[in-house]
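Coordinates in review
Next come the chains, spelled out residue by residue.
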Amino acid sequence: MSDHTEAHVDLLDAIVEALNLPLPSIAEADEQAYYRLLERRALAVRIIVQINRTVTRDPRLAAGAIRTRTAEEPITYTPFEPDKNEGGR
């Protein structure tokens, strides 16, 4: 794989990592926090990719910026945990 291709794969990995959030618990506050976080991260990804396309065109910079922004927006809600008594359903 070329360095250019690897840089684009890294960018795609950063996008997936930013948007792949665990589902929230069934508590309304957790659901609201989940959707707010997903919305903020999606907006950040869109802005970073758009700026990268028009300014630097370097996917490595965009991947780094997305990872930095993702670290600044940690998961603060309680993730969903399947009921162990129901066999994980």
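Just so it is clear, the structure is predicted and the values come from calculations on it, not from any experiment.

Some thoughts on helix α2 (residues 28–54)
With 27 residues, α2 extends 39 Å from end C-alpha to end C-alpha; this agrees with the ideal 39 Å at 1.5 Å per step. Among all positions in α2, only Asp30, Ala33, Tyr34, Leu37, Arg41, Ala44, Val45, Ile48 and Asn52 are buried. Looking at the buried residues of α2, the elements they touch are α1 (3–19) and α3 (59–72).

Details of the packing of α1 against α3
Here α1 crosses α3 at 20 degrees, and the two axes come no closer than 8 Å. Regarding the angle of α1 to α3, the classification is roughly parallel. In this structure, the crossing between α1 and α3 has a hand that is left-handed. Counting all contacts with α1, which are made through Asp3, Ala7, His8, Asp10, Leu11, Asp13, Ala14, Ile15, Glu17 and Ala18, the residues of α3 involved are Pro59, Arg60, Ala62, Ala63, Ile66, Arg67 and Thr70. Among the residues making up the contact of α1 with α3, the classes are represented as 9 nonpolar, 2 polar and 6 charged.

Overview of the side chain of Asp30
By the secondary structure assignment, Asp30 is in helix α2. Comment: no salt bridge for buried Asp30; closest opposite-charge side chain is Arg36, at 8.3 Å. Those residues in contact with Asp30 that sit more than four places away from it in its chain are Pro24, Ser25, Tyr77 and Thr78.

Let's talk about the nonpolar core
Counting 8 residues, the largest nonpolar core is built from Leu11, Ala14, Ala18, Val45, Ile48, Ala62, Ala63 and Ile66. Every element with two or more residues in this core is listed here: α1, α2 and α3. For Val45, the residues in contact, after removing those within four places along its chain, are Ile15, Ala18, Leu19 and Ile66.

What about unusual backbone geometry?
Phi angles above zero are rare outside glycine, and Arg57 is one such case at about 60 degrees. Overall, the relative accessible area of 61% leaves Arg57 in the exposed class.

Notes on the packing of aromatic side chains
With the rule as written, the count across this model stands at 2 aromatic pairs. Aromatic pair Tyr34 and Tyr35: ring centres 4.9 Å apart, planes at 75 degrees, arrangement edge-to-face. Centre to centre, the rings of Tyr34 and Tyr77 are 5.8 Å apart; their planes meet at 90 degrees, and the pair counts as edge-to-face. Taken together, the positions of Tyr34 in helix α2 and Tyr77 in the segment after α3 put the pair 43 residues apart, joining distant regions of the chain. Of the residues examined, Tyr34 reaches a relative accessible area of 10% and is grouped as buried. Taken together through their ring pairs, the aromatic side chains of Tyr34, Tyr35 and Tyr77 make up a single cluster.

Reading the values: rules and limits
Residues numbered from 1 in each chain as written. Predicted model: local features only at pLDDT ≥ 70, side-chain atom pairs only at ≥ 80, totals over all residues. Heavy atoms only, no water. Helix = DSSP H or I, 4+ residues; strand = E, 2+ residues; numbered from the N terminus. Expected span 1.5 Å × (residues − 1). Buried < 20%, exposed > 50% of the residue type's maximum accessible area, 1.4 Å probe, protein only. Contact = heavy atoms within 4.5 Å. Axes fitted to C-alpha atoms, helices over the stretch in contact; angles between N-to-C directions. Parallel < 35°, antiparallel > 145°, perpendicular 65-115°, else oblique. Left-handed = near helix turned anticlockwise from the far one by under 90°. Nonpolar A, V, L, I, M, F, W, Y, C, P; charged D, E, K, R; others polar. Lys, Arg positive; Asp, Glu negative; His and termini not counted. Salt bridge = Lys/Arg side-chain N within 4 Å of Asp/Glu carboxyl O. Core = buried A, V, L, I, M, F, W, Y, C linked by side-chain atoms within 4.5 Å. Phe/Tyr/Trp six-rings, centres within 6.5 Å; stacked < 30°, edge-to-face > 60°.

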